2 protein chains.
Amino acid sequence: MKYILKIKYIGTAYCGFQCQKNGTAVQNVLTEAASRVFKCPCLVTGCSRTDSGVHALGFCATVEPSEMVSIPAGKLHRAFAAFLPDDIAVVAAAEVAEDFHPRYSSKGKNYIYRIWDGPYEDPFEKKRSMRLTPAVSHSGLDRMKRAASHFVGTHDFSAFMAKGSKITDAVRTVRSAEVYRENGGCIVFSVSADGFLYNMVRIMVGTLCDVAQGRAEPDEIPGIIKGRDRSRAGSTAPPEGLYLNEVFYDENIDWKCE
Amino acid sequence: MKYILKIKYIGTAYCGFQCQKNGTAVQNVLTEAASRVFKCPCLVTGCSRTDSGVHALGFCATVEPSEMVSIPAGKLHRAFAAFLPDDIAVVAAAEVAEDFHPRYSSKGKNYIYRIWDGPYEDPFEKKRSMRLTPAVSHSGLDRMKRAASHFVGTHDFSAFMAKGSKITDAVRTVRSAEVYRENGGCIVFSVSADGFLYNMVRIMVGTLCDVAQGRAEPDEIPGIIKGRDRSRAGSTAPPEGLYLNEVFYDENIDWKCE
């Protein structure tokens, strides 16, 4: 039996979903919880790594119990809740085919990035958004929207990839890239693509901040992309504003949560 | 010089704004920070107590430095940020007259109460909303709206006051009482009144939950109010869903935040 789990987590306490470094990974905690839910060792595979401090609203991971154990998918969120800490939750689950892979079967993902640019430090936004000052004006927001629109399309995004990344093919298709302001609150950057390079969203956000603050022009984005030079893009925005929001699959996944 | 501060705080770590019991009060932390901002002892007075674990989005408190120290009101949020922990922030400030009192000058307050009734435990809602299961249907939400509308008006709210409260005049005027659902998220109860009795909002919410789940009918509310019997109202909802949202003053307060 193979299950897919949809997971929310606050990434603050973790070194990412998967990690080699010191620290606790979400994957470790989820694997331990799965072994208690299914009462046997389980293989947990994620749809992606996420960086330390990055959050997830709809991370997907598969769980394969080593024994023939069957639990109705709709009951898994409750079963996991008993063994997961407060900052990780299974929000839905489904059965998937044996050859389903949460990463390789994925057709794309949506990330959101939240920026708090209010005049004060907001306690409710601590570790849940990036802090940007001074506040972004209405015209600054329009500049960000226009800059973001240039990300859409199939491009070599080498300029938006962390240096030292081992990826050789940096061509990705961005399907949508939008900037809007939550009701009176954070600026949100929402981006969907068939795949993302290492730090791609965070470098996009760093560049959008440059545009918001006049250090770059919206219409410089196409040139930055074409230049394929990391040093021409903005700095890497901090992890705490980033949320893996949704993973797209061709398969019709029958999500259950009773 | 007398200042009024507008404050946001996450109440989870505190025993309330003001407390006699063991534990740290927001007032203690704010008084200590004020003494460091103004470099002298300061008197900090709040607009109300709040219960342990209750949050604030727009709490008001006055600060009176014991020495003649003048700091521009618009700079106070930054000055306090240097000395306040991450879960408390000054969001704006203003100068007020010597006879201004944050509690007695107040003409009313607005509280909101957030209820998370989704099918799973949401990590991002932990300690920031009340958990209610099973989920409230659309018709359940309509029942809550109708029940809440009966709170509006001038009534003796003894039935919605914690037992043991020493208040003798329990007549309050509720100006608005609305229930709505945040976009795909929490149910919110927003209530404005000229004053609130001890645990009044939390008992209203407990009663609204009874209505949502069919243990009481919306049109029983007028009878419960008239009965002035605490035992006929619902249980006291937990503190973590409650937010002091806004304090109303007749004075035109010149809020500044630069």
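Computed from a predicted structure; not experimentally measured.

Asker: Can you help me understand the packing of aromatic side chains in this one?
Answerer: Where two aromatic rings form a pair, the distance of their centres and the angle of their planes describe that pair. Within this structure, the stated rule accounts for 22 aromatic pairs over all chains. On the numbers, 6.5 Å between centres and 70 degrees between planes, the contact of Phe38 of chain B with Phe80 of chain B is edge-to-face. Here Phe38 of chain B, found in the loop between α1 (26–37) and β2 (42–46), pairs with Phe80 of chain B, found in helix α2 (residues 76–81); they are 42 residues apart in sequence, far enough to count as distant. Plain terms: the ring middles of Phe157 of chain B and Phe160 of chain B are 6.2 Å apart, the flat faces sit at 70 degrees to each other, and that makes the pair edge-to-face. Across the pair, exposure class does not vary: Phe157 of chain B and Phe160 of chain B are buried alike. Among the aromatic residues, those joined into a cluster by ring pairs are Phe151, Phe157, Phe160 and Phe189 of chain A. Cation over ring: Lys6 of chain A sits above Trp255 of chain A, and NZ or CZ is 4.6 Å from the ring centre.

Asker: Would you mind going over the interface of chain A and chain B with me for this structure?
Answerer: Interface size, as often reported, equals the accessible area lost upon joining of the parts. Counting residues at the interface gives 23 residues for chain A, matched by 23 residues for chain B. Of the roughly 1,900 Å² buried between chain A and chain B on both sides combined, carbon and sulfur atoms contribute 66%. Of all residues in chain A, the largest losses of buried area upon contact with chain B belong to Tyr120, Pro123 and Phe124 of chain A, amounting jointly to 34% of the total for that side. Summed over the shared surface of chain A and chain B, the number is four salt bridges. The salt bridge partner of Lys126 of chain A is Asp86 of chain B, with a shortest N-O separation of 3.4 Å. The tally of links from chain A across to chain B stands at 10 residue pairs in polar contact (both at pLDDT 80 or more).

Asker: Is there a simple way to explain the relation of the copies chain A and chain B in this structure?
Answerer: The second copy of the chain is related to the first by a rotation about an axis and a shift along the axis. For these two chains of identical sequence, chain A goes onto chain B by a turn of 180 degrees and a shift of 0.0 Å along the axis, with RMSD 0.0 Å. The superposition operator between the copies reduces to a two-fold rotation axis. Comparing interface residues between copies, 100% of those in chain A also lie at the interface in chain B; the contact surface is shared.

Asker: Help me understand the environment of Ser70 of chain B in this model?
Answerer: All names here are of chain B. Inspection of the secondary structure assignment puts Ser70 in the loop between β3 (55–65) and α2. C-alpha separation for the pair Ser70 and Tyr3, spaced 67 residues apart in sequence, amounts to 9.9 Å. Those residues in contact with Ser70 that lie beyond four places of it in its chain are Met1 and Tyr3.

Asker: What is the right way to read the packing of helix α3 (residues 138–149) of chain B against helix α4 (residues 200–212) of chain B from this model?
Answerer: Think of two packed helices as two axes; the pair is described by the angle between the axes and how far apart they sit. Residue and element names in this part refer to chain B. Two numbers describe how α3 lies on α4: the axes approach to 8 Å, and their chain directions differ by 140 degrees. What the angle tells us is that α3 and α4 run oblique. Taken as a pair, α3 and α4 cross one another with a handedness that is right-handed. Here Gly140, Arg143, Met144, Ala147 and Ala148 of α3 lie close against α4, whose contacting residues are Leu208, Val211 and Ala212.

Cut-offs applied
- Residue positions are given per chain, counted from 1 along the sequence in the order it is written.
- Following the order in which they are written, the chains are lettered starting with A and the ligands numbered starting with 1.
- The model is predicted, so local features are restricted to residues of pLDDT at least 70 and side-chain atom pairs to those at 80 or more, both for listing and for counting; the totals for chains, interfaces and linings are taken over all residues.
- Just so you know, side-chain values use all the structure's heavy atoms and leave hydrogens and water out.
- Centre distance within 6.5 Å is the pairing criterion for rings of Phe, Tyr and Trp, where only the six-membered ring of Trp is used; planes under 30 degrees apart are then read as stacked, over 60 as edge-to-face, and the remainder as tilted.
- The way it works is that DSSP assigns letters per residue, a run of H or I at least four long becomes a helix, a run of E at least two long becomes a strand, and they are numbered from the N terminus.
- Only protein chains enter the calculation, and the probe is 1.4 Å; a residue is then buried if its accessible area is under 20% of its type maximum, exposed if over 50%, and partly exposed in between.
- Should the NZ of a Lys or the CZ of an Arg lie within 6 Å of a ring centre and within 35 degrees of the ring normal, that charge is described as sitting over the ring.
- Note on definitions: a residue-residue contact is assigned when non-hydrogen atoms from the two residues lie within 4.5 Å.
- The buried area of a pairing is the accessible area, by a 1.4 Å probe, that goes missing from both parts when the two are put together, added over both.
- In what follows, salt bridge is the name for a side-chain nitrogen of Lys or Arg lying within 4 Å of a carboxyl oxygen of Asp or Glu.
- Here a polar contact is taken to be a pair of N or O atoms separated by no more than 3.5 Å, where protein atoms must pair a possible hydrogen donor with a possible acceptor and residues adjacent in sequence count only if both atoms sit in side chains.
- Our superposition of the copies is a least-squares fit, built on the C-alpha atoms of residues whose pLDDT is at least 70 in both.
- Only C-alpha atoms enter the line fits that serve as axes; for helices the fit covers just the stretch in contact. Angles between N-to-C directions range over 0 to 180 degrees.
- For classification purposes, angles smaller than 35 degrees are called roughly parallel, those larger than 145 roughly antiparallel, those between 65 and 115 roughly perpendicular, and all remaining angles oblique.
- We call a crossing left-handed when the near helix sits turned anticlockwise from the far one by less than a right angle, and right-handed when that turn is clockwise.

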